[in-house]
Amino acid sequence: MDSAPLLDIHGVRKSFLKPDGGELLVLDGIDLTLKEGEIVGLLGRSGSGKSTLLRLIAGLAEPAAGSVTYLGNEVAGPPPGIAMVFQSFALFPWLTVLENVQLGLEALGLPSDEIRRRAIEAIDLIGLDGFESAYPRELSGGMRQRVGFARALVVHPNILLMDEPFSALDVLTAETLRTDFLDLWSEGQLPIKGVILVTHNIEEAVLMCDRILIFGSNPGRILKDLKVELPHPRARLDPDFRELVERIYVEMTAKAAPAAQKRAERPAGTGIGTILAPVSTNLLSGLLEAVAAPPYEGEADLPVIAASLQLEIDELFPVAETLQMLRFAEVAGGDIRLTAEGRRFAGLDTDERKRLFAQHLLNHIALAGHIRRVLDERPEHRAPWSRFADELEDHMSPAAAEQSLRAVIDLGRYAEVFAYDDEKHVFSLDNP
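Described below are features of the structure shown in this document. Because the structure is a prediction, the values reported are computed rather than measured.

Looking at the secondary structure, you find histidine 370 in helix H13 (residues 366–377). Once you skip the residues sitting within four places of it in the chain, histidine 370 turns out to touch Ile272, Arg387, Phe388 and Glu391.

This is how it looks when you write it as C-alpha cells:
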C-alpha cells in the first residue's frame with residue numbers, strides 16, 4: 001500500500017488583481033503530489049507560475065481556489081517542516097556563517113547549546129567546516145549558496161523547496177553543488193523526506209529529478225508529468241539521458257510551436273495583442289548564423305544547439321519563437337529549421353541584413369507594423385508611448401504591455417524602422 005503523500009495539491013488556482021480591477025490569472029488547475037523519497041522538478045519558462053506555486057506550498061500566499069495539503073493538513077500559513085532555498089543567497093551580511101545558519105533555530109526557541117550543535121552539524125554536512133566565523137563577503141558565490149542550504153536543512157524539514165538554487169552560480173560551481181547535494185541525498189544524509197525543485201534548465205531537471213512537471217504559461221498549467229527512471233548517478237552523455245532531454249524539448253516545443261505559428265500567420269495590422277518576449281538582436285542573428293553553419297546546415301536539434309551556445313530555455317525559446325514569428329525559422333518536434341529567408345539572412349552583410357530584417361519585422365510582427373503606420377500617418381511622424389501602451393492594455397496587463405513595447409523598440413531600432421526617445425517617451429521616424 002502506498003503511503004500518504006507528503007504534499008497533495010488539488011485544483012489550485014491563483015490570480016492577482018490588476019490596477020484596473022481586472023484579474024491576472026497566474027496558475028490554473030494545478031494538481032501535484034510529492035511522496036517520500038521523491039525529487040519533483042517544476043520545469044518551465046519564466047512567467048509560468050512555478051515560483052508562485054512554491055509560495056503557496058510554503059504558506060506565504062493563499063490560493064484563489066483549490067487546496068494545498070501538507071501531511072494531511074491544509075496549509076493556511078507557513079507550516080513547520082517546510083523550508084526553502086532561494087535563487088539569491090539572501091544572507092545577512094553582518095552575521096557570520098554560523099550566525100546565519102542559527103537564525104532559523106533561534107526562531108524555534110531551542111536551547112542555545114542545541115542551536116549551536118545543530119548549526120555546526122549542518123555546516124559540516126554541506127561542506128563548510130572551518131568557515132563558521134567567516135562573513136558572507138569573504139565567501140564565493142558557491143559557498144554562500146551552501147550557507148543557504150545549511151540554513152534550510154538545520155531545521156530538519158520534511159520538504160525542501162528549491163527555487164532555481166543553482167542559476168546564479170557559474171557552470172562549474174553549480175555542477176559541483178548539484179553533485180554534492182545528490183550524493184548526500186542518495187546516501188540518506190540529508191534530514192529531508194522530499195524535494196521540489198523549480199528550474200528552467202532541462203538538463204538539471206533530468207539530472208536531479210524523479211519526476212518532471214512541464215509547465216505552460218499564461219496561465220501556468222501542468223502540461224506533462226514525466227517520470228525519470230534513469231539510475232543515479234546520471235551521466236549527461238548517456239544515450240538514455242540525451243533521449244529524455246530531447247523528449248522534453250519536443251514536448252515543450254510541441255506546446256509552444258502552434259501558438260508561435262498562429263502569431264506568425266496573422267496578417268500585418270492585426271494581432272497587436274500578442275505579448276512579445278524581450279530578445280537580443282545579437283542572439284537572433286547569432287542563432288541564425290549558428291544553425292546555418294556546419295555541421296547543422298540549416299537544421300538543428302534544440303538541445304544540441306542550446307548546449308553548444310550555452311543557452312537555457314529561458315534564453316533559447318524566446319529567440320527561436322521570435323525567429324518563427326519573423327518567418328526566418330520553423331520550430332517543431334524539438335528542432336529548429338531555417339526558412340529560405342533565414343538562410344539568406346545568415347549570408348548577408350550587416351546593411352543587407354538590416355533591410356531584410358526590416359521587411360520581415362513590419363510584415364510579420366503586427367505591433368511593429370502598427371507603430372510604423374501610425375508614425376507614417378502623422379504629420380510630425382511622432383507618437384507618445386502612451387498612444388500604444390493604452391491600446392495594448394486593452395489586451396494585456398500593464399506589465400505585459402511594457403514588456404512588448406520594450407521588445408519591439410529593440411527590434412525596431414535594429415531594423416532602423418523607427419526610433420524611440422526614452423527621456424521624452426516618444427516614438428519617431430528620426431534617424432539618430
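Take the pattern of salt bridges next. In the structure shown here, the tally under the stated rule is 23 salt bridges. For arginine 117, the salt bridge identified is with glutamate 121, shortest N-O distance 3.1 Å. Placement of the pair is arginine 117 and glutamate 121 together in helix H3 (residues 112–125), with a separation of four residues, close to one helical turn. Its relative accessible area of 43% is what places arginine 117 among the partly exposed residues. Classification of glutamate 121 by relative accessible area gives partly exposed; the value is 41%. Across the pair aspartate 422 and arginine 406 runs a salt bridge whose closest N-O atoms are separated by 3.0 Å. Of this pair, aspartate 422 sits in the loop between strand E15 (419–421) and strand E16 (426–428) while arginine 406 sits in helix H15 (residues 398–415), placing them 16 residues apart in sequence. Residue aspartate 422 is classed as partly exposed on the basis of its relative accessible area of 39%. One network of salt bridges, with partners in common, ties together Glu175, Arg178, Glu203, Glu204, Arg236 and Arg242.

With respect to topology, four strands assemble into an open sheet ordered E2-E1-E4-E5, the strand pairing being antiparallel. Unpaired on one side and paired on the other, strand E2 (23–34) and strand E5 (73–74) mark the two borders of the sheet. Note that strand E4 (residues 65–70) and E5 share two bridges and pair antiparallel. Bridge pairing in E5 links tyrosine 70 to asparagine 73.

The next subject is the sheet that holds E15. What the three strands build is an open sheet, ordered E14-E16-E15; its pairing is antiparallel. In this open sheet, the two edge strands, each paired with only one partner strand, are strand E14 (382–384) and E15. Shown here is a sheet whose adjacent strand axes are inclined to one another by a mean of 25°, direction ignored. Examined bridge by bridge, E15 and E16 share three bridges and lie antiparallel to one another. The partner of aspartate 421 across the bridge, within E16, is valine 426. Contacting E14, E15 and E16, helix H14 (residues 385–392) crosses the sheet at an angle of about 55° to E14.

What counts and what doesn't
- Residues numbered from 1 in each chain as written.
- Predicted model: local features only at pLDDT ≥ 70, side-chain atom pairs only at ≥ 80, totals over all residues.
- Heavy atoms only, no water.
- Helix = DSSP H or I, 4+ residues; strand = E, 2+ residues; numbered from the N terminus.
- Contact = heavy atoms within 4.5 Å.
- Salt bridge = Lys/Arg side-chain N within 4 Å of Asp/Glu carboxyl O.
- Buried < 20%, exposed > 50% of the residue type's maximum accessible area, 1.4 Å probe, protein only.
- Pairing = 2+ DSSP bridges.
- Axes fitted to C-alpha atoms, helices over the stretch in contact; angles between N-to-C directions.

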